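# Observations on the model geometry
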Amino acid sequence: MPAGAPPWNPQRPSAMPHHRYLPWEERTQVPLTERVWPTRRLEHAPLWVPVDLRDGNQALAEPMDVERKRRMFDLLVTMGFKEIEVGYPSASQTDFDFVRHLAAGDAVPEDVTISVFTPARTDLIDRTLDSIEGLPRTLVHLYTATAPTWRNVVLGRTRSEVHAMILDAAAHLSRRADRHRGGLRFQFSPEVFNLTEPDFVLEVCDDLTELWDACPDRPVTHNLPATVEIAGPHVYADQIEYMHRHLARRDSVILSVHPHNDRGTGVACAELAVLAGAQRVEGCLFGNGERTGNVDLVTLALNLYTQGVNPMIDFSDIDAIRETVEHCNRLPIHPRHPYAGDLVHTAFSGTHQDAIAKGLAHHRKRAAEQGVDTSEAVWQVPYLPIDPGDLGRTYEEVIRVNSQSGKGGIAHLLNTHHGLDLPQRLRVEFSRIVQHIADTTGRELAHTELWELFHATYIAPGTDGPVGRPERSAINTGRQGTENDPLSAYIDALSAAGITVAVLDHTVTASTAYAECRVDGVTVWGAGQDASPVTASINAVTAAVHRARRAGS
């Protein structure tokens, strides 16, 4: 047992060479000593900037052509994004052509800003500015890697040399922009910000803010990416708060973040960064991007939505959004993806199904009591953090039945899709039948199969056997029982025919009757359906008689 390990923890060290990796404290600096972000609340949405058409596109095995790019662009506009990074025009002819496609047509609404991406090289900056000629509102996104390992290994330059390179490129961009027709703003990304010395980032960003003469009416965007996650999200939040507090001309700077997901905490990084002072978030729909992906804007925005905050983006048809993204990226969305996956609103577990079914019934009741539509009532349903209907989903997939399911879920599906309101004891009995079928077949049962199984088990025996026909005739001709109690008359007729029946439970809802009967000492359920409650009840008792006789044969 490792030293200091409690006796209840029997884990032993693995043979993996963990000593090769340095903890974040030895790789980056976080000078913040008194943080404020943990006490803040997320009360409004930041500016969301999708980078699907650039950063996400670079990560595809088969990058998008102009047709797919245009379809993705139109989706982003329809959803309500107001700043969209559309490409890396100096990197490929396809990207250049797509930016020209946008400039030449009427695809860009008046309130949408187009962002284009360029390295800090004069020739590539020129190529980028050529691509955007004619676009009225454009953000030119300049980037350079600034972290020590990248400076030393990739660029082969010292810190001062990288600083000078960035300022030279920014000055060239500013001179070229003076000749550009249309409104231009500037953005800078110190790539791998989270591994760069904080004082160096401040020096570079403040120099660019001054060089580009930023003001509140024409702010500069400083985008601080966690290009490769190496620490917990609280560390990134500390780094962002430090920059938020110390950036010069803060009212003339839009503080942006661009988290990646190498540690699987990209969403948390973005949320905590916004608490720490970030005003803008770059990411991709459903988290597409290199390695483990960019931060997921769908999850981020809908996380806010579940807190009662308007996400400022329309997700009311999540399936159409997903279909378009899957087509353009040629990548499937995981079935467990938050909010959008095929199974994300689905419960197979019996206890979960029971809680959801009760919660949905309670929600409908409370909405009726308040005199509002169910779509307007406050949402408080167990296991469902969001109303699937708000995303354009139906309730059909909320509860699905397999061998793990219970009586509550089965009853809910029969009620929702087939109008059956099973008595409690019948729910218990039928769930055992369903579970046996699911265990035997090893598969899920659709609500149509549940109905067919219920009908064959409890309803069909009331209409496909000989018992009861003479007795029903006796009732119809008035020879048995009393006119005011036809069911008692039927039971008396059965008794006269030598079949002893005691009705233990009898319920009629809508056009379905349920009867629990003791037939010659055997207790069974039957069900019947008819527009007439009397006929439905007689059919239910008949079904019980037939089932009891079959059980005894």
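Reading the values: rules and limits
- Residues numbered from 1 in each chain as written.
- Predicted model: local features only at pLDDT ≥ 70, side-chain atom pairs only at ≥ 80, totals over all residues.
- Heavy atoms only, no water.
- Pairing = 2+ DSSP bridges.
- Helix = DSSP H or I, 4+ residues; strand = E, 2+ residues; numbered from the N terminus.
- Axes fitted to C-alpha atoms, helices over the stretch in contact; angles between N-to-C directions.
- Contact = heavy atoms within 4.5 Å.
- Buried < 20%, exposed > 50% of the residue type's maximum accessible area, 1.4 Å probe, protein only.
- UniProt positions renumbered as here; feature names shortened; annotations may be inferred.
- Disulfide = S-S within 2.5 Å.
- Expected span 1.5 Å × (residues − 1).
- Salt bridge = Lys/Arg side-chain N within 4 Å of Asp/Glu carboxyl O.
- Polar contact = N/O pair within 3.5 Å; in protein donor to acceptor, adjacent residues only side chain to side chain.
- Domains from an automatic or database assignment.
- Buried area = accessible area lost by both parts, 1.4 Å probe.
- Nonpolar A, V, L, I, M, F, W, Y, C, P; charged D, E, K, R; others polar.

## Observations regarding the sheet that holds strand 9 (residues 501-509)
Strand order in the open sheet formed by three strands is 9-10-11, and the pairing between neighbours is antiparallel. The outermost strands of the open sheet, each flanked by one partner alone, are strand 9 and strand 11 (522-529). Neighbour to neighbour, the strand axes of the sheet diverge by 15 degrees on average, direction disregarded. Where strand 9 and strand 10 (residues 512-519) come together, eight bridges link them in antiparallel fashion. Opposite D505, over in strand 10, you have E516 as the bridge partner. Across the sheet, helix 14 (residues 424-441) touches strand 9, strand 10 and strand 11, and the angle it forms with strand 11 is around 100 degrees. On top of the sheet, helix 15 (residues 447-459) reaches strand 10 and strand 11; it is set at about 120 degrees to strand 11, its chief contact.

## Section: the pairing of strand 5 (residues 183-191)
The buried count for strand 5 comes to seven of nine residues, which makes it a mostly enclosed element. As judged from the nine bridges shared by strand 4 (residues 137-145) and strand 5, these two strands associate in the parallel manner. Note that in strand 5 the partner of L142 across the bridge is F188. In this structure, strand 5 lies alongside strand 6 (residues 220-226), joined through two bridges in parallel fashion. Pairing of Q187 across the sheet is with T221, part of strand 6.

## Some words on the UniProt feature "binding site: Mg(2+)" (unreviewed entry) in the protein
Within the UniProt annotation, "binding site: Mg(2+)" (unreviewed entry) is assigned to D55, H258, H260 and N294. Considering the C-alpha atoms alone, the annotated residues occupy 240 residues of sequence yet fold into one spot, their largest mutual distance being 10.9 Å. When you line up the elements, H260 lands in the loop between strand 7 (253-259) and helix 9 (266-275). We classify H260 as buried; its relative accessible area is 5%. When near neighbours in sequence (up to four residues on either side) are disregarded, H260 contacts D55, A226, T227, E229, G266, E290, R291, G293 and N294. As for its position among the elements, N294 is in the loop between strand 8 (280-283) and helix 10 (297-305). Once you skip the residues sitting within four places of it in the chain, N294 turns out to touch V51, D55, G56, H258, P259, H260, G283, C284, G287, N288 and G289.

## Observations concerning the sheet that holds strand 2 (residues 83-87)
The strand order across the open sheet formed by eight strands is 1-8-7-6-5-4-3-2, and the pairing between neighbours is parallel. In this open sheet, the two strands that pair with only one neighbour each are strand 1 (47-50) and strand 2. For this sheet, the mean angle separating the axes of adjacent strands, direction not counted, is 30 degrees.

## Remarks on the state of the cysteines
All chains considered together, the criterion is met by zero disulfides. In this model C284 remains outside any disulfide bridge; the closest cysteine sulfur is found in C328, 12 Å from its own. By relative accessible area, C284 is classed as buried at 0%.

## A few points about helix 12 (residues 350-370)
Helix length check: helix 12 (21 residues) gives 30 Å between terminal C-alpha atoms against 30 Å at 1.5 Å per residue, within 8%. When helix 12 is considered as a whole, its buried residues turn out to be G350, Q353, A355, I356, A357, G359, L360, H363, R366 and A367. In the core, the buried residues of helix 12 are packed alongside helix 13 (407-418). The positive-phi residue at the C-terminal boundary of helix 12 is G371, with phi of around 70 degrees.

## Describing the pattern of salt bridges
Two side chains carrying opposite charge are able to pair once their charged atoms lie near each other. Evaluation of the coordinates by the stated rule reveals 28 salt bridges. For the salt bridge of E282 with R280, the shortest nitrogen-to-oxygen distance reads 2.9 Å. For E282, a relative accessible area of 0% corresponds to the buried category. What makes R280 buried here is its relative accessible area of 0%. Salt bridges linked by common partners bring E83, R185, R280 and E282 together as one network.

## What to know about the side chain of H141
Note on placement: H141 falls in strand 4. H141 sits in the buried class, given a relative accessible area of 1%. Looking at H141, its side chain comes within polar contact range of the side chain of S189, at 2.5 Å. What H141 contacts, discounting residues up to four positions off in sequence, is R54, E85, S115, V116, F117, T118, Q187, S189, N223 and E282.

## Section: the environment of R40
Tracing the backbone shows R40 in the segment before strand 1. In sequence terms R40 and A276 are 236 residues apart; their C-alpha atoms lie 8.2 Å from each other. Separated by 2.8 Å, the side chain of R40 and the backbone oxygen of L275 make a polar contact.

## Brief notes about the domain arrangement of the protein
For the protein, the domain assignment lists domain 1 (42-329), domain 2 (350-391) and domain 3 (407-471 + 485-552). Distance from the C-alpha centre of domain 1 to the C-alpha centre of domain 2: 38 Å. Interface of domain 1 and domain 2: buried area, both sides summed, is about 450 Å²; carbon and sulfur atoms make up 64% of it. Connecting domain 1 to domain 2 are zero salt bridges. Counting every contact that joins domain 1 to domain 2 gives two residue pairs in polar contact (both at pLDDT 80 or more). Split by residue class, the side of domain 1 that touches domain 2 holds four nonpolar, two polar and one charged.

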